[in-house]
Amino acid sequence: MSDPRAFLALDLGTATSSAALIGRLAHRWRLLGSLALPAGIDPDAISREVVRRAVAADPALARAVGLIEGATGATGATGAASAAEPGGRPAAVSFANPPRLVARSVPPRTILVCAANARAREPFLDAARATGWRTRDASADRTNPLELMRALLDPEVGVLLVGAGDPPGPDERRLVDELAAIVSGAVARRPDLTVILAGGMADQLSRLEAAGGGDRRGEILLGPAATAGDPAGSALRDLLEDVRGGSNDPRRAAGRAASALADVLDRRVELLEIGFDGGVRASASPGIGGGEPATMVSIVADAALVPPDPGDAIVDRVMAWTTISLDRHRLRDRLRELRLSPWGGVTGDGARLRLAAARAAMAILVEATPGQSALPAPDLVVVAGGAFASAPGPAIALAVADVVRRPGAVAVAYDHARLMGPLGMIPDGGERRQAISDLVDDMLAPLGTIAIPGGIRAGTSAGRLTVHAGINASETDLVPGSLELIDLPPGETAIAEFHFRDMVRLGTRGRRFAVDVSGGLGGLLVDLRDVPLRMPERAERRRELLDAWQESLWMTRDR
Amino acid sequence: MSTVAKQPAIGGPATAGLELVGRRPVVGSPIEVIFRLAPGDRPLVVAGDALVAGAPIAERLRDPGVTELAANATEETARAGDRWMGTAPGGPRLRRGSAAEAGELLFENGGRWTLAGGEHTEPVESPLSGVVRDVRPGIGITVRAQGRVLHGVEALGDPTSGRLSLGSDRGDHRHPAGGLRSTSLDVGLAGTILVIGSRVDAEALTRARAMGVRGVIVSGLAGKERRDFLASESRQRAALHRLPPFAVLVLDGALRRPIAGPVAAVLEGLVGSTVALVVDPPALVFDEPGFEVTMPPVDHIRVRSGEHAGREGQWAGLAGMRRFTGGTFLEAGWVAFGGDPPMPIPLADLERFV
């Protein structure tokens, strides 16, 4: 179709398939509806259902965007349904088959990072961890040749990154030859294995090519040193991202969408996505003087909702956030079930468990990206990913406030229709910006604004807050250690005047601040808890505290 | 001859919206089974070989070690993965490591090969019939299995085969409380693969293995039991005299729930037949061409997870967005259990059988 009036944006993840119907109304793209369901369900069925609902809800609009081909009663390209005509009489209609914009997740891949010793290996391992790989590591000085060969021959390992300093350091030189010999032995047996020789290991290329023979399916690539590029390490990261998923990886596409969003809004934007097989943190700043936006994207496989085989460390991390009374064994079982069926068992306490796992994953993502934490605080945080699909908006905002403890005031929004990935797949940068410009109000559900002052001292009162919204003003006492929730509906803006007794950090240091805040499902959340967050050691006390914090923001939960 | 009763197609008014429920195959078509090999293990088959159940396919090396051969110990054409055998009683001079008469060439460094070898081997037998598709020393043997499969979510232990038997006569495998107690096991079950209900503990598993049971099929295996069983399995592998291979096939997950009705029906139909449990992928393989799998009605629904996990009923249409306990809003479908009025269940908790 040369000039479509509607299209479907499909985000086909490992655990979630979603379809968003977008139509052109009054010369701009609008989101007409969306549906997300477990990945096992046929995306065509989900697409049909979204179109069916749009037609049933507003046949005139559906006709305007070309979703209805005619009221013939015949089954159309995607199906048929009864839709109420304006007169109230149902009529059988046939649906059009809108074109599709698809972001399909690439299967997670495992990389084995090898070097002569642990010191040489670490920067390569860091680069792999920041580019979405499931990582394994080995070093020639600590691993015996048989174990190393076993690791290299493991079919789950799809890519091998062998690195050395450029030139190799004195502590590496003795082992580089032996490491290259072992890798050559593995390359000879595994024609499917892609090998990246990085830094000083590039000198071993001829040896590996000779061992590999001519019938290899996997490539042998030369990679830069771990510190090459500007900023340092970017050259290796670019290569690793290309090898893992290429430009069609939806997580990289989400980074591009964040960049376009920053440009459209002229705001610093941070995207935090927690998915089934990893997380994304994208920090984007608008271009200056018509230049391109500056974007830093980290894809961390360890920041998955639940890793494939949750170990003790993961159980501990989730337990630290859970409000459910479970022993370690039962929690591990629940996490394994969550891994097997990420959409299952969300009713009851399942949603809270899922949000605890999402918090743990987000904490891993933040810890793995210290460079992005050191950037100036964003103006807008966009939360995305299937991990939050069943949680109410205000609870998502609290999860962000719990984990991303950065003094400042940020607006928080949720990519409820899962459009960041598909829109990032639009190849032309101009068209991408235009689509996001049209859709920005529809695609982001405003969750509210989080204000986190840093350096609050203990006491009975830290100061006062006055919120001016329109002609109304409300005053709130600021109690150290508390969460203050000020009702501010979506679409409203206000000025929040903070008067602190002592010097605090809220973007800058000071006692008096006037901050523009925007409303959302959670309103204005003034978080006067410690930065970083300190929690009681005793599990029972910690659960009570977490529960109390969630109580005020999980409006719909059972009481 | 078709061995699967056909289901009617989805599309009628009674099945509207059913396509939004996840599908679970009751039985699958033939699969490729992988038998993992480690460096030093010796494959005994080549691609294209036809296998019968019980045929040895490899020798697994116990306690492998590495030996560095002298420069003149190998031929010019030697490649990694090749077998190497000592040629004369004196043999080539070994530079490092213990003496080895045979082994697998690992890598060459400075003109000298390093060998993986050891003294003791144990046979690896194929528990199923099929055709060898690929042999990769140190990596694995791929076999195209003959017969149909019933998939699980996880399998622990080693590939095995045996006569399928229900763990008890009371139909416990269809009951949420069904399980296996270690005291109910006896040597009369030796050589069987037991179908157990919703859960089993590690003690019962280790006792079953000691009694000569060849495998267990269970709906759920808790993490603690899984860890204990794996530790026991690891100790068993280290023992000098190993017991026959034993496997645990987990059909659903970690929590307690009965085996799905259509799956239980297949297992009941296979009682007395010889079946194989394989680990990669986790599945039960059966080669019974005359066995007809009776498919449930197209609107037969099972609740896979959530508060009604394990219950089975009839699809009654889409329910749209609903509020559920815990304060979550989820897409739901109407399901009628028995003669009760339909109730909304989250679509994500449901599965239908194909």
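Residues numbered from 1 in each chain as written. Chains lettered and ligands numbered in written order. Predicted model: local features only at pLDDT ≥ 70, side-chain atom pairs only at ≥ 80, totals over all residues.

Here we take up the overall build of chain A. Along chain A, the regular secondary structure elements total 16 helices and 24 strands. Against the compact-globule benchmark of 24 Å for 559 residues, chain A has a radius of gyration of 26 Å, which places it among compact chains. The principal-axis extents of the C-alpha atoms in chain A amount to approximately 75 × 70 × 55 Å. Expressed as a percentage of its 559 residues, the buried residues of chain A come to 55%. At a minimum sequence separation of 6, the contacts of chain A that also span at least 24 residues come to 71%. (Helix = DSSP H or I, 4+ residues; strand = E, 2+ residues; numbered from the N terminus. Rg over C-alpha atoms; globule rule 2.2 N^0.38 Å. Buried ≥ 20, exposed ≤ 12 C-beta atoms within 10 Å, placed from the backbone. Contact = placed C-beta atoms within 7 Å.)

Take the overall build of chain B next. Within chain B, the regular secondary structure consists of 3 helices and 28 strands. Within chain B, the proportion of its 354 residues that are buried is 46%. The long-range fraction of contacts in chain B, counting pairs at least 24 apart against all pairs at least 6 apart in sequence, stands at 68%.

Core analysis: the biggest nonpolar cluster contains 277 residues, and L160(A), V183(A), A258(A), A357(A), A361(A), V400(A) and I217(B) have the highest contact counts within it. For this core, the element with the most residues is helix α11 (residues 350-367) of chain A, which contributes 12 residues. (Core = buried A, V, L, I, M, F, W, Y, C linked by C-beta atoms within 7 Å.)

Turning our eyes to something else, we now look at the domain arrangement of chain A. Residues and elements named next belong to chain A. Here chain A is partitioned into domain 1 (6-104), domain 2 (110-244) and domain 3 (247-551). For domain 1 and domain 3, the distance between their C-alpha centres works out to 31 Å. Elements represented by at least two residues in the side of domain 1 that touches domain 3 include exactly β1 (6-12), β2 (16-25), β3 (28-38) and β7 (100-104). Tallied by class, the residues present in the side of domain 1 that touches domain 3 amount to 12 nonpolar, 5 polar and 4 charged. (Domains from an automatic or database assignment. Nonpolar A, V, L, I, M, F, W, Y, C, P; charged D, E, K, R; others polar.)

Glancing now at the sheet that holds β2(A). All names here are of chain A. The sheet built from 4 strands is open, its strands ordered β3-β2-β1-β7 with mixed pairing. The open sheet terminates on both sides in strands that have one partner only, identified here as β3 and β7. Going across the sheet, the axis of each strand differs from the next one's by a mean of 15 degrees, ignoring polarity. Where β1 lies against β2, 7 bridges are found, and the strand directions are antiparallel. Bridge pairing links L8 to L21 in β2. Strands in contact with helix α15 (residues 429-443) are β2 and β3; relative to β3, the strand with the most contacts, it is inclined by about 55 degrees. (Pairing = 2+ DSSP bridges. Axes fitted to C-alpha atoms, helices over the stretch in contact; angles between N-to-C directions.)

Right, let's get into the domain arrangement of chain B. All names here are of chain B. Looking at chain B, the domain boundaries give domain 1 (13-24 + 295-353), domain 2 (27-60 + 127-145), domain 3 (63-119) and domain 4 (147-286). For domain 1 and domain 4, the distance between their C-alpha centroids amounts to 29 Å. Of the residues lining the interface, 6 residues belong to domain 1; the matching set on domain 4 comes to 7 residues. In terms of residue class, the side of domain 1 that touches domain 4 is built from 3 nonpolar, 1 polar and 2 charged.

With 44 residues of chain A in contact, the opposing surface of chain B contributes 45 residues. Broken down by secondary-structure element, the contributors of at least two residues to the side of chain A that touches chain B are β3, α1 (43-57), α4 (145-153), α5 (170-189), α10 (328-340) and α11 of chain A. The biggest single contributor to the side of chain A that touches chain B is α5(A), with 8 residues. Residue composition of the side of chain A that touches chain B, grouped by class: 18 nonpolar, 12 polar and 14 charged.

Time to look at the confidence of the model for chain A. Per-residue pLDDT for chain A averages 90, and the proportion of residues at 70 or more is 94%. Counting contacts from residues 72-91 of chain A, a segment whose pLDDT is below 50, to residues more than four positions away or on other chains yields 44 contacts. (pLDDT = per-residue confidence, 0-100.)

Before going further, it helps to examine the sheet that holds strand β5 (residues 56-61) of chain B. Residue and element names in this part refer to chain B. Pairing is antiparallel across the open sheet formed by 3 strands, whose spatial order is β3-β5-β11. The strands lining the two open edges of the sheet, one partner per strand, are β3 (42-43) and β11 (121-125). Direction of pairing for β5 relative to β11: antiparallel, over a ladder of 5 bridges. Note on β11: the bridge partner recorded for L61 is T121.

So, about the environment of G255(A). Turning to its location among the elements, G255(A) is positioned in helix α8 (residues 250-265). Residues within four places of G255(A) in sequence aside, it is in contact with V280(A), A282(A), T295(A), V297(A) and G424(A).

A few words on the pairing of strand β20 (residues 215-220) of chain B. Residue and element names in this part refer to chain B. Of all 6 residues making up β20, 6 are buried, and the element is well covered by its neighbours. Two strands pair when backbone bridges link them, and strand β18 (residues 192-195) and β20 are joined in this way by 3 bridges, in the parallel orientation. Within the sheet, the bridge partner assigned to L194 lies in β20 and is V216. Pairing geometry for β20 and strand β21 (residues 247-253), over 5 bridges, is parallel. If you follow V216 over to β21, its bridge partner there is V248. This β-α-β element, β20 to helix α2 (residues 223-238) to β21, shows right-handed connectivity. (Right-handed = clockwise from strand over helix to strand, strands pointing away.)

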